Amino acid sequence: MLLFAWVCPVLGAGMSHEGPGHRMTWDARGMVMGENQGDTLPGDCAEISEDVSFEVRVGHKYAPEGLIFGYSDYEWRVPPCSRVSVTLVNEDEVRHMWMLHGLPSYLYAQGMFHLEVEGGHKMTGTFIVPGDDQTFFVHCDVSQHTEKGLKGQLKVGKGSGDLPGIPGITAPRYPGTAD
Ligand SMILES: [Cu+2]
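Analysis parameters
- Residues numbered from 1 in each chain as written.
- Predicted model: local features only at pLDDT ≥ 70, side-chain atom pairs only at ≥ 80, totals over all residues.
- Heavy atoms only, no water.
- Helix = DSSP H or I, 4+ residues; strand = E, 2+ residues; numbered from the N terminus.
- Buried < 20%, exposed > 50% of the residue type's maximum accessible area, 1.4 Å probe, protein only.
- Contact = heavy atoms within 4.5 Å.
- Donors = N, O, S within 2.8 Å, 3.2 Å for Na, K, Ca; no water.
- Pairing = 2+ DSSP bridges.

Turning our eyes to something else, we now look at the side chain of Ser 82. With respect to the helices and strands, the residue Ser 82 is situated in the loop between strand S6 (75–78) and strand S7 (83–90). The class for Ser 82 is buried, based on a relative accessible area of 0%. In this structure Ser 82 touches Ile 48, Ser 49, Glu 50, Val 52, Phe 127, Ile 128 and Val 129, once residues within four positions along its chain are discounted.

Given below as structure tokens:
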């Protein structure tokens, strides 16, 4: 394990960087950011409630009618305070992400957990969700990919409602997009 401060994005492949709320691993397959195996728990969790893992496939072939890209699922449900391992399998040739927003920023840099995988590869990362019922936004942040179908939601506990424009779950604001 190597330690670097601030310069990690320019160092190249095969390295790892740890710091408060800023943990990153990357190699030729892609990148995992914001990983938390359990060394620090969310403030409202006395312990890890359970281990959950799921695989998400991403690619053109999963695109819903009228969209360009798709995830194999658009909603994931996990118990409060669970430790969640996600494997993102990229079946396209272009890079895709499974990027989750809204986690506590004292634990995750910018409140994000982020898997980013080059075409034809897969990567696994782990994070711990807080203890309250919340719905988190998930998307691919590559330019235009959110609008072209890569937008989903992770519900902790009962969740806090549905987000707009989740393919197959809620109506888009603009027809023909997942926006
Ligand atoms: Cu993408």
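So much for the structure itself; the text now carries on.
His 96 (ND1), Cys 140 (SG) and His 145 (ND1) make up the full set of protein donors to the copper ion, lying at 2.0 to 2.2 Å. Along the chain, the residues that donate to the copper ion are spaced as H-x43-C-x4-H. No difference in accessibility class separates Cys 140 from His 145, as the two residues are buried.

What the 4 strands build is an open sheet, ordered S5-S4-S7-S10; its pairing is mixed. Since the sheet does not close on itself, it has two edges, and those belong to strand S5 (70–71) and strand S10 (122–128), each with one partner. Relative to S10, S7 runs antiparallel, the two being bridged by 7 bridges. Within S10, the residue paired with Thr 87 across the bridge is Thr 124.

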